[in-house]
Structures are given as structure tokens and as C-alpha cells.
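Chain by chain, the residues:
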Amino acid sequence: MRRERMTPSGTIVRLRRCWVAISIWAMAMASLPAISPAEDLKPKAAETGFSGKLHPDILGISTESNAEAARTVFDSLFKGRTDTRTDIQQQTFGNGGVKYVAALNFSLPAGPRQNGEMLSTSYTSPASENRAYFIARNLTFAQDQQPSKSDMIKEIMGKYGVPTIVGDQHFYYLYRKGSIVSAGGKYKEATALEAIDKPLDPRAAVKLNGDTVRGSCVAVVKRAQARAKELGTMLAEAKGANCEGVLSVQLVPGAQPDRVGIAQFTLLDVKRVISAAAIDGAAVAAGQNDGQSMPKGSAPKL
């Protein structure tokens, strides 16, 4: 094997380039603003569809996380990488012009021998404590690093427990009243492996809806993945959903049928979308009312 000889000057150049890249990353992360609520803004916690014992997370980020907590996770995950892309989205809330982080997006491109990764989180406004309500992670495995489906299923069920329903390349965990909803199928790792590439059982879907005649949470999370991650965009469907929270894990086959080429994790707090939208709307309305001064004129002499 031919080895490239590294000269001292070449080493210094490479080190300088590395430090420049790391400095750019650090500046991007340092630019993440802290929440600075207006003096008259009183944050109120939005309700969540997950309980303390059943609070799923993706890489340690749950719907109780704020932007600062997620930043710490992302910073640790991508530390030392020079080819990441960062997108920090800020918005202004209310008449007071309160700036806050509405979304964090990080990506690492896939390569012939490098796994690609995308992380995305969306947050409520400062009025509802700036908590996450949508979290997504997409992994694209390099061809020579694709894990087996059985290994992935073992990891998924070991972390999140028994799913509500499996099929159509997906694991779906539906949460209602602080617990994972059961559709009657008590999946083991072997039965989940058999079901993963089959169509979803329509009888289970009907059972999940029950007498509520409400919208499918499977459809809600699929549309949430494709649309803008904003409360207003998600609100109508969240109100009609038959669950309070949903975790979706998709396993796309890789180079071989028993291998995984892409793994997509999506966590949506349906109940928080509804609750935070109500809190934010009330806070905006209150701010508008406070800003309207009473007329100062006096009655003329008659």
C-alpha cells in the first residue's frame, strides 16, 4: 500500500483547516439565542400526550426538551465533523417582538463509506415554554454498514417497547391516556420481523379508531412528516386524531432484503400541538388587548 508522506507544512495547513471548520460550527451553535420573554409574558406549560414513565425520546431529545437541550445533544453528536449543515430557524412572538428558536435542523451527508444523518426538531413559542412537539431523525446507511432488520427491530423494541401496530415498513406506537395503545397484537421480535414488510392489518386499524370515528394517527404522522412543521399547519389534523402522541419508525430495505438502508424516526406530541396552539393564541390576544390604550378625549362643553 502506498502511503502519502506528510510534511510539517502540510500538517499545519490541515490543522488550520480543521480548526477553521470547528470554529465555524462553534460560532453557529453559539449564535443560538436564549429565550428572552417579554416582561409581561407569563409562560404556561402545554399539556403533553406522554407520561413520565412513557416519555419516548430520540437520541435523548423528548418533547420535554427545549432548544438549548437539543443543541447540546446535536453538538455532541456532530463534534469534530466539518461537513455538517446547520439551520437554526427563529421566529418573533407577539407584539413584544420576543425572538425564539422555532426549529433546529442538522444534517450530515451520506457517502460511500459514511452514514448520512438528518435531525430536526420544532418548538412551541415562549408562551408555552418553548418545548419540542416534533422530533425527527433520518439515518441513511452506507452500503457496507447497513444493519440487519432483526438487529434494528431488537434495538427498537428494546428502547420503545411493544408497538401498537407493525406493517408497511413501519413500527407505530400510539399513545393515549399515558399508555401505549394496544390493537390486540402482542408483538415479539420474531412476529414483528414477519409483519414489517406486510401491509398494515385493516382490522387493527378499525379497532384503533373504535367508536371515536376520529382520524388515524398513522395518517396524521405521515402528513406531519411531509408538511411544514408549524402548529398552525398541524392543528386541524391534531384535533381530529385518535391518539395523544405517536412514535413512528420506518425501516426501508437496503441492498439486501434483510438489511436496512434507511431508518426514519418521528415523534409527534399531538396533545401538545393542540394545547400549545391554545396557549399561544390566548397570549397573543392578551398582548393585543394590553396594547390598545383607552381613548383620552373628554366630552365637549354643551
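Everything here concerns the structure above.
Residues numbered from 1 in each chain as written. Predicted model: local features only at pLDDT ≥ 70, side-chain atom pairs only at ≥ 80, totals over all residues. Heavy atoms only, no water.

Enquirer: Would you explain the nonpolar core in this entry?
Expert: Looking at soluble globular proteins, one finds that nonpolar side chains tend to be buried together. Of all hydrophobic cores here, the largest spans 69 residues; its most connected members are L104, F171, Y173, L251, A263, F265 and L268. Not counting chain neighbours up to four residues away, the residues in contact with L251 comprise M152, I153, I156, Q169, F171, V260, I262 and A263. (Core = buried A, V, L, I, M, F, W, Y, C linked by side-chain atoms within 4.5 Å. Buried < 20%, exposed > 50% of the residue type's maximum accessible area, 1.4 Å probe, protein only. Contact = heavy atoms within 4.5 Å.)

Enquirer: I keep staring at helix α3 (residues 149-160) and nothing clicks. Help me out?
Expert: Every α-helical turn comprises 3.6 residues, leaving residues that sit three or four positions apart pointing alike. Counted at 1.5 Å a residue, the expected span for α3 with its twelve residues is 16 Å, and the 16 Å between its end C-alpha atoms agrees. Where α3 is concerned, the buried positions are K149, M152, I153, I156, M157 and Y160. One side of α3 holds all its buried residues, which, seen down the axis, span an arc of 125°. Away from the buried face of α3 by more than 90 degrees, exposed residues E155 and G158 are located. Buried residues belonging to α3 abut β6 (170-176), β7 (179-180), α4 (189-195), β8 (245-253) and β9 (260-268). (Helix = DSSP H or I, 4+ residues; strand = E, 2+ residues; numbered from the N terminus. Expected span 1.5 Å × (residues − 1). Arc of directions from axis to C-beta.)

Enquirer: Is there a simple way to explain empty space enclosed by the protein in this structure?
Expert: Empty space left among the atoms is revealed by rolling a probe the size of a water molecule over them. Using the criterion set out here, one finds one cavity of 30 Å³ or more in the structure. Around the largest cavity sit V220, R223, A224, R227, T233, M234, E237, A238, L268, V270 and V273, which together line it. For the lining of the largest cavity, the secondary structure elements donating two or more residues are α6 (217-226), α7 (231-239) and α8 (270-291). Element by element, the count of residues in the lining of the largest cavity is highest for α7, at four residues. (1 Å grid on protein atoms, 1.4 Å probe; cavity = no way out; pocket = protein on both sides within 12 Å on 5 of 7 lines; lining within 4 Å. Points joined across faces, edges and corners; volume = space filled by probe spheres on them.)

Enquirer: What is the right way to look at the pattern of salt bridges in this model?
Expert: Once their charged atoms are close, side chains differing in charge can pair, the charge on each being opposite to the other. Enumeration according to the criterion identifies nine salt bridges in this entry. Its salt-bridge partner being K222, residue D168 comes within 3.3 Å of it at the nearest N-O pair. Here D168, found in the loop between β5 (165-167) and β6, pairs with K222, found in helix α6; they are 54 residues apart in sequence, far enough to count as distant. (Salt bridge = Lys/Arg side-chain N within 4 Å of Asp/Glu carboxyl O.)

Enquirer: Help me understand the packing of aromatic side chains in this model?
Expert: Geometry of an aromatic ring pair is reported as the spacing of the ring centres plus the angle between the planes. Using the criterion set out here, one finds four aromatic pairs in the structure. Both rings, one in F74 and one in F106, keep their centres 4.6 Å apart while their planes meet at 70°; by these two values the pair is edge-to-face. Of this pair, F74 sits in helix α2 (residues 67-77) while F106 sits in strand β2 (residues 98-108), placing them 32 residues apart in sequence. By the burial criterion, F74 is buried, and F106 matches it. Ring-pair connections join several aromatic residues into one group, and the members of that group are F74, F78 and F106. (Phe/Tyr/Trp six-rings, centres within 6.5 Å; stacked < 30°, edge-to-face > 60°.)

Enquirer: Can you help me understand the pairing of β2 in this one?
Expert: Successive residues of a regular strand alternate their side chains across the two faces of the sheet. Of all eleven residues in β2, ten are buried, a share of seventy percent or more. In this sheet, β2 lies alongside strand β1 (residues 85-93) in antiparallel orientation, the contact comprising nine bridges. Considered in β2, the bridge of F93 is made with V98. Bridge analysis of β2 against strand β3 (residues 116-123) gives six bridges, and the strand direction is antiparallel. If you follow F106 over to β3, its bridge partner there is L119. (Pairing = 2+ DSSP bridges.)

Enquirer: Explanation requested: unusual backbone geometry in the structure shown.
Expert: A positive phi is found at Q169, a non-glycine position, where the angle reads about 70°. With respect to the secondary-structure elements, Q169 resides in the loop between β5 and β6. In this structure Q169 comes out as partly exposed when scored by relative accessible area, which is 24%. At K177, a residue that is not glycine, the phi angle is positive and equals roughly 55°. Structurally, K177 is set in the loop between β6 and β7.

Enquirer: Sorry if this is basic, but what is going on with the pairing of β3 here?
Expert: Within β3, seven of the eight residues are buried, leaving the element largely enclosed by the surrounding structure. In terms of strand pairing, β3 meets strand β4 (residues 132-140) through eight bridges, oriented antiparallel. Pairing of S122 across the sheet is with F134, part of β4.

Enquirer: When you look at the state of the cysteines in this model, what are you seeing that I'm missing?
Expert: Think of a disulfide as a covalent bridge from one cysteine sulfur atom to another cysteine sulfur atom. For the coordinates displayed, the defined rule picks out one disulfide. Residue pairing for C217: its cysteine sulfur links by disulfide to C243, the two sulfurs lying 1.6 Å apart. Disulfide C217-C243: torsion about the S-S bond near -90°, hence left-handed. Of the two residues, C217 sits in helix α6 while C243 sits in the loop between α7 and β8, which places them 26 residues apart along the sequence. You'll find C217 and C243 in the same group, each marked buried. (Disulfide = S-S within 2.5 Å.)

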